[in-house]
Amino acid sequence: MMNRNRSDLATPERPTLAERLPARLRGALYVLLSQYVTNGLSVAIGLLVILLIVATGFGTATAASAGVGVLITSMPDVASPRHRKLTQMLPAPLLATPMYALVQYVHHDALQLGIVIVLSTFGSVMLMSWGKRGGPITFAVLIAMILAIAEPAPDSLRQIATSTGGFALGCALYLGWAVLTTHLLNPVYRAQLLAESMVAFAKILRLEAARLAPEADHPRLLTAMLAQQITLADYLQGTRDVVLESPTTRWRQRLAAMLLALLEARDHQLACDLDLDYLLKHHASASLLTAPLLRSGLETAAAGMEQLALEMLLGRARRATVPTPDLSEQLHGALPAQPDASRAPLPLTEGEPDADALLHSMANRIGHLHNETIRMARLARGDERPELAQVR
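First, a word on scope: everything that follows refers to the structure included in this document. The residue numbers shown here count from 1 along each chain, following its written sequence. For this predicted model, a pLDDT threshold of at least 70 governs which residues receive local features, and a threshold of 80 or more governs which side-chain atom pairs are given and counted, while totals over whole chains, interfaces and linings are taken from all residues. Neither water nor hydrogens contribute to the side-chain values; these are computed over all heavy atoms in the structure.

### Some thoughts on the side chain of threonine 97
Applied cut-off: Starting at the N terminus, helices and strands are each numbered in turn, a helix being any DSSP run of H or I of at least four residues and a strand any DSSP run of E of at least two. Note on contacts: a residue pair qualifies if any of its non-hydrogen atoms lie within 4.5 Å across the two residues.
Locating threonine 97 in the fold gives a position in helix α6 (residues 91–105). Dropping the residues within four chain positions of it, threonine 97 is found in contact with Thr164, Phe167, Ala168 and Cys171.

### Section: the side chain of glutamine 253
Threshold: Exposed residues in this analysis have more than 50% of their type's maximum accessible area, buried residues have under 20%, and partly exposed residues fall in between, with area computed by a 1.4 Å probe over protein chains only.
Mapped onto the fold, glutamine 253 is located in helix α11 (residues 250–282). Given a relative accessible area of 9%, glutamine 253 falls into the buried group.

### What about the packing of helix α3 (residues 35–58) against helix α4 (residues 60–74)?
Inclusion rule: Axis lines are fitted to C-alpha atoms, over the contacting stretch for helices. Their N-to-C directions set the angle, which ranges from 0 to 180 degrees. Convention used here: angles under 35 degrees read as roughly parallel, angles over 145 as roughly antiparallel, angles from 65 to 115 as roughly perpendicular, and any remaining angle as oblique. Handedness of a helix crossing follows the sense of rotation of the near helix relative to the far helix, less than a right angle counterclockwise being left-handed and clockwise being right-handed. Residues are sorted three ways: Asp, Glu, Lys and Arg are charged, Ala, Val, Leu, Ile, Met, Phe, Trp, Tyr, Cys and Pro are nonpolar, and all the rest, Gly among them, are polar.
Between α3 and α4, whose axes approach to 9 Å, the crossing angle comes to 155 degrees. What the angle tells us is that α3 and α4 run roughly antiparallel. As for how α3 packs across α4, the hand of that crossing is right-handed. Along the contact surface, α3 presents Val43, Leu47, Ile50, Leu51, Val54, Ala55 and Phe58, while α4 presents Thr62, Ala63, Ala66, Gly67, Val70 and Ser74. Residue composition of the contact of α3 with α4, by class: 10 nonpolar, 3 polar and no charged.

### What to know about the packing of aromatic side chains
Inclusion rule: Ring pairs are drawn from Phe, Tyr and Trp, using the six-membered ring of Trp, whenever the two centres fall within 6.5 Å, and their geometry is named by plane angle: stacked under 30 degrees, edge-to-face over 60, tilted for the rest.
Following the criterion strictly, the structure yields 1 aromatic pair and no others. Judged by centre distance (4.4 Å) and plane angle (15 degrees), the rings of tyrosine 100 and phenylalanine 167 are stacked. With tyrosine 100 in helix α6 and phenylalanine 167 in helix α9 (residues 157–210), this residue pair connects regions lying 67 residues apart in the sequence. Phenylalanine 167 matches tyrosine 100 in its accessibility class, with the two residues each being buried.

### Quick word on the pattern of salt bridges
Condition: By definition, a salt bridge exists where a carboxyl oxygen of Asp or Glu is found within 4 Å of a side-chain nitrogen of Lys or Arg.
Counted by the stated rule, this structure contains 13 salt bridges. Lysine 132 is paired through a salt bridge with aspartate 234; the nearest N and O atoms lie 2.9 Å apart. Of this pair, lysine 132 sits in the loop between α7 (110–126) and α8 (134–150) while aspartate 234 sits in helix α10 (residues 218–243), placing them 102 residues apart in sequence. Judged by relative accessible area, lysine 132 falls into the exposed class, the value being 64%.

### Focus: empty space enclosed by the protein
Quick note on the threshold: Residues are called lining when one of their atoms sits within 4 Å of a cavity or pocket point, these points coming from a 1 Å grid over the protein atoms alone, where a cavity is a set in which a 1.4 Å probe fits but cannot get out and a pocket is an open set with protein on both sides within 12 Å along at least five of seven lines. Grid points are joined across faces, edges and corners, and a volume is the space filled by probe spheres set on the points.
Taken as a whole and judged by the stated rule, the model has 2 cavities of 30 Å³ or more. Computed from the structure, the second largest cavity encloses a volume of approximately 30 Å³. Every residue along the wall of the second largest cavity is listed here: Asn39, Ser42, Asp77, Lys85, Thr181, Thr182, Leu185 and Tyr189. If you list the elements that add at least two residues to the lining of the second largest cavity, you get α3 and α9. For the lining of the second largest cavity, the element with the highest residue contribution is α9, accounting for 4 residues. In the lining of the second largest cavity, the residues fall into 2 nonpolar, 4 polar and 2 charged.

### Notes on the layout of surface pockets
Computed from the structure, the largest pocket encloses a volume of approximately 650 Å³. In terms of lining residues, the largest pocket is bounded by 23 residues, among which Val78, Ala79, Gln88, Lys132 and Gly238 are the most central. Mapped onto the lining of the largest pocket, the elements with two or more residues apiece are α3, α8 and α10. In terms of residues, the lining of the largest pocket owes the most to one element, α10, which gives 8 residues. Tallied by class, residues from the lining of the largest pocket come to 11 nonpolar, 7 polar and 5 charged.

In short, geometric facts, not functional conclusions.
Next comes the structure, spelled out in structure tokens:
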């Protein structure tokens, strides 16, 4: 029973799309279908449309200034909840527009220009303390000043007003564009953000599987694991904000339920990781025979998560499948038998946890997190109804 090989936990004979693609191509596909590319295309199209509108109505000079305004306003434009879109983006143009005008006003005096640049740079960099939201605003103000300096010195206040008016017009038009496209692309962003979180979680499962390899570099893998956990936490925060916003339709409710299942799978992985830490430290020899089996289980769960994520990114969520056998049954079949639970409970023991109990605990958790992947596929297909009380 202890010598069960990897083929026992292999995926079905017909390889999935994620398995047929080379690793590099699969990674490139994840990027091309991500919300970053969708958002970038939206920004590029918005810039082109606004430039054409302004150039047609006000001329090329005003269109050039409007293009700078669009560039500045688009910096904080990322996938976000619809109700927070305007407040997320408004600080950048509100701060950049007066600085753009002020730099042009003092453009003729090198001393005044230096003072304005130093003070405004200090103030804008202080916005970095706002975290991720402050970074784009900081760079928006800095780049607005740089582009204002790059322009020829204005000859009159009227020229400053015209240039600043074009800048503000570009900002206003892009704010409207961003709010509109956020509403239109919200269904796409929901699926893409959730899929990206699933891919990040699959990488964690593969890192954990690598820790069970015979010659594993545990310090390096632990460092990579911590970095990937931080990445996943960042993805999950953005995904929660978008996916859990107004789950009023059936599709939104299914995505919200899938996110909750992913969070449940992550809880099982964290507990499994704690068991693995203790097992490798105190019972390394006990895990030698079962390590290949546990590693195969983790990699199988990761493959199922990646396949489901790819189906969602390709817009084929209703055909999503994770056709993998029950890992819990196969894992437990290869582990030493535990005492019959129907008998009287054994007395509590003190000291180190039993190695067999840790192995069975890991097998349970690996099976559970894979079952969550199967549940997510059923939710994506519509075969399982989301629990509305849990979603709300």
